[in-house]
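# Summary of the model geometry
Below are the chains, spelled out letter by letter.
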Amino acid sequence: MNSEREAVIRVRDLVTHYGERQILKGVSLDVHAGEIMVIMGGSGSGKSTFLRFLLGLHQPTSGSIELLGQDITQLDSQGMYELRKKMGVSFQGGALFNSMTVGENVQLPLREHTELDDATIEIMSRLKLELVNLGGFDRLMPAQLSGGMVKRAALARAIAMDPRLLFFDEPSAGLDPVVSAELDELILKLRDALNMTIVVVTHELDSAFKIADRITVLDQGDILLVGTVEEVRNSDNRRVQDLLNRRPREEVIDPDAYMARLTDTPLNEL
Amino acid sequence: MQHAITERQGASVLSLGGEIDLSNSPQARKLILAEIKAGNTLAIDLSGVSYIDSSGIASLVEGYQKAKSGGSRFGLVAVSEPAMKVLKLARLDQVFPLFASVDDFLV
């Protein structure tokens, strides 16, 4: 259904390393305008790393990452700055500034990046707090909020500028089921009303199945599968099913490589 | 964003069209506030709006608040589907006086 739609995120052959260790092993992926793409995978699958590269926080070893038609691996800092105005990010921990009120936190991107009138900025920030069910909380300090509220306030800040691309790192982690379900609803509404393209990194299956148009399953730095919720559910790939059924992975051990790691000895010297 | 102001039976009708976003919502705001400052009854026709972001919505909110406090009539008319989605997202469809047409507003 998405094949004719414009790809607003286009990743090609993305290879990344942390030090010597290869994390992503040649990932290619398209995300279309107005699509909700969920990136799933277990711990160490590379999903958080993938998000960090999509945000342009690191330079990859090779490959390209196009956001809204611009290859961010080639952009200079000014170009990246301009592009970031069209991107919203909600990180796992919230990352609000503790010395500012909740309202000032949400207003921050608008004050940094726009020349809008104060009255407009204040109404916009209150609107965003209303959307995340924090209406009337704008004068509180972050320390006065619960963990779930901090997370919602961070989301309000992430959407302050009505970004075209919205990135979420583990939106449901640490939230109670009701708040978590509300957040899922909100993600769907944001896409429908503001036509945002949304990338969500999560390991919460229920949430993924509820919001995703398509799901990308990452495993050990490779894409196992990109497909609709139905396609992922019905996949006969064993690793996908392990993930869905929360089965621990049973890896075949390479005894030599294992010994090499334990003893920190190069393989050829064993 | 396109805009036009016409007068109908003593009321100002501000028609906005196209995309209302960060780049042009200050202009929409100015047009709205000028009408309200002049004490005019104001109907804002949103039938031609293909996209409106929250800065545009904020300008409508501010206009409505100023009209209310100044005692002048204010309404949104023939709200297009994309604009209505955004109003509903913020539950503002329950706040603004909404009219199907300018005629309905003028009744």
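Only a predicted model underlies this, so the values are computations on that prediction, with no experimental measurement involved.

## Observations concerning the environment of Glu19 of chain B
All names here are of chain B. Its location among the elements puts Glu19 in strand E2 (residues 11-20). With 84 residues separating them along the chain, Glu19 and Asp103 place their C-alpha atoms 25 Å apart. In this structure Glu19 touches Met1, Ser50 and Tyr51, once residues within four positions along its chain are discounted.

## A look at the interface of chain A and chain B
When the parts of a complex come together, some accessible area is lost, and that lost area is often used as the size of the interface. Facing 16 residues of chain A, the contacting portion of chain B comprises 15 residues. The element contributing the most residues to the side of chain A that touches chain B is helix H4 (residues 118-131) of chain A, with 8 residues. Across the side of chain A that touches chain B, the residue classes break down as 8 nonpolar, 2 polar and 6 charged.

## Topic: the pairing of E2 of chain B
All names here are of chain B. Alignment of strand E1 (residues 2-8) against E2, held across 7 bridges, turns out to be antiparallel. Paired with His3 across the bridge in E2 is Leu16. Following E1, the chain reverses through 2 residues before pairing antiparallel with E2; Gln9 in that reversal takes a positive phi of roughly 45°. With 9 bridges joining them, E2 and strand E3 (residues 41-52) adopt parallel strand pairing.

## Let's talk about helix H1 (residues 47-54) of chain A
All names here are of chain A. Of all 8 residues in H1, 6 are buried, a share of seventy percent or more. Listed as buried for H1 are Lys47, Thr49, Phe50, Leu51, Phe53 and Leu54. Once H1 ends, the next one or two residues include Gly56, with phi positive near 75°.

## Details of the domain arrangement of chain A
Residues and elements named next belong to chain A. If you check the domain split of chain A, you get domain 1 (7-86 + 163-269) and domain 2 (98-162). Using C-alpha coordinates to define each centre, domain 1 is positioned 27 Å away from domain 2. Every contact between the two is made by 11 residues of domain 1 and, on the other side, 11 residues of domain 2. Tallied by class, residues from the side of domain 1 that touches domain 2 come to 7 nonpolar, 1 polar and 3 charged.

## Some words on the sheet that holds strand E5 (residues 98-99) of chain B
All names here are of chain B. Strand order across the open sheet formed by 5 strands is E1-E2-E3-E4-E5, with mixed pairing between neighbours. Single-partner strands in this sheet number two, and they are E1 and E5. The sheet contacts of helix H2 (residues 54-70) involve E2, E3 and strand E4 (74-77), and relative to E3 the element is tilted by about 170°.

## What to know about the sheet that holds strand E2 (residues 21-32) of chain A
Within a sheet, neighbouring strands are paired by backbone hydrogen bonds and run either parallel or antiparallel to one another. All names here are of chain A. One open sheet accounts for 4 strands, arranged E2-E1-E4-E5; its pairing is antiparallel. On the outer flanks of this sheet lie E2 and strand E5 (70-71), each paired with one strand and no other. Pairing geometry for strand E1 (residues 7-18) and E2, over 9 bridges, is antiparallel. Following the sheet pairing, His17 is matched in E2 by Gln22.

Conventions and cut-offs
- In this numbering scheme, every chain counts its residues from 1 along its sequence in written order.
- Chains carry letters and ligands carry numbers; both start at the beginning, A for chains and 1 for ligands, and go up in the order they are written.
- In view of the model being predicted, local features appear only for residues whose pLDDT reaches at least 70, and side-chain atom pairs are presented and counted only at 80 or more, with totals across whole chains, interfaces and linings using the full set of residues.
- Comment: elements are numbered from the N terminus, with helices defined as DSSP H or I runs of at least four residues and strands as E runs of at least two.
- By definition, residue pairs are in contact when their C-beta atoms, positioned from the backbone, come within 7 Å.
- For this classification, the nonpolar set comprises Ala, Val, Leu, Ile, Met, Phe, Trp, Tyr, Cys and Pro, the charged set comprises Asp, Glu, Lys and Arg, and every other residue, Gly included, is treated as polar.
- One bridge is not enough; two strands pair if DSSP finds at least two bridges between them.
- Three classes are used. A residue is buried when 20 or more other C-beta atoms lie within 10 Å of its own, exposed when 12 or fewer do, and partly exposed in between, with C-beta atoms placed from the backbone.
- Residue ranges assigned to each domain were obtained from an automatic or database domain assignment.
- Interaxial angle, 0 to 180 degrees, is taken between N-to-C directions of lines fitted to C-alpha atoms, where a helix line uses only the stretch in contact.

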